[in-house]
Amino acid sequence: MSGRIVLRLDRMMVERGRSLNWLADQVGITNVNLSKIKNNRVSAIRFTTLAAICEALDCQPGDILEYEPDEA
């Protein structure tokens, strides 16, 4: 089995000093959906949403996406 992609959005939000409400407004999605992304409760994310998050937080996708290999 392969590893998984983990979202580190919470870490980037802390580094940028941004709240969930602020980012949801900037990205144009609901607080509930952004919370799911932030807490890794999604199996997919649209590239347009990822781009909007990166625009708002002035970061690159690699700053918030991380690959975790499966443990043997």
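For clarity, every value in this text was computed on a predicted model and none was experimentally measured. (Residues numbered from 1 in each chain as written. Predicted model: local features only at pLDDT ≥ 70, side-chain atom pairs only at ≥ 80, totals over all residues. Heavy atoms only, no water.)

**Quick word on the packing of helix α1 (residues 9-16) against helix α3 (residues 31-38)**
So, step 1. Interhelical geometry of α1 versus α3 gives an angle of 110° and a closest axis separation of 8 Å. By the angle between their directions, the pair α1 and α3 is classed as roughly perpendicular. Note on element contacts: α3 touches α1 through Leu34, Ile37 and Lys38, opposite Leu9, Asp10 and Met13.
So, step 2. Of the residues assigned to the contact of α1 with α3, the class counts are four nonpolar, no polar and two charged. (Axes fitted to C-alpha atoms, helices over the stretch in contact; angles between N-to-C directions. Helix = DSSP H or I, 4+ residues; strand = E, 2+ residues; numbered from the N terminus. Parallel < 35°, antiparallel > 145°, perpendicular 65-115°, else oblique. Contact = heavy atoms within 4.5 Å. Nonpolar A, V, L, I, M, F, W, Y, C, P; charged D, E, K, R; others polar.)

**Points about the pattern of salt bridges**
So, step 1. Considering all chains together, one arrives at four salt bridges under this definition.
So, step 2. Note that Glu68 is salt-bridged to Arg8, the shortest N-O span being 2.9 Å. Of the two residues, Glu68 sits in strand β2 (residues 65-68) while Arg8 sits in the loop between β1 (4-7) and α1, which places them 60 residues apart along the sequence.
So, step 3. Across the salt bridge formed by Arg11 and Glu66, the nearest N and O atoms sit 3.0 Å from each other. One end of the pair, Arg11, is in helix α1; the other, Glu66, is in strand β2, with 55 residues separating them in the sequence. (Salt bridge = Lys/Arg side-chain N within 4 Å of Asp/Glu carboxyl O.)

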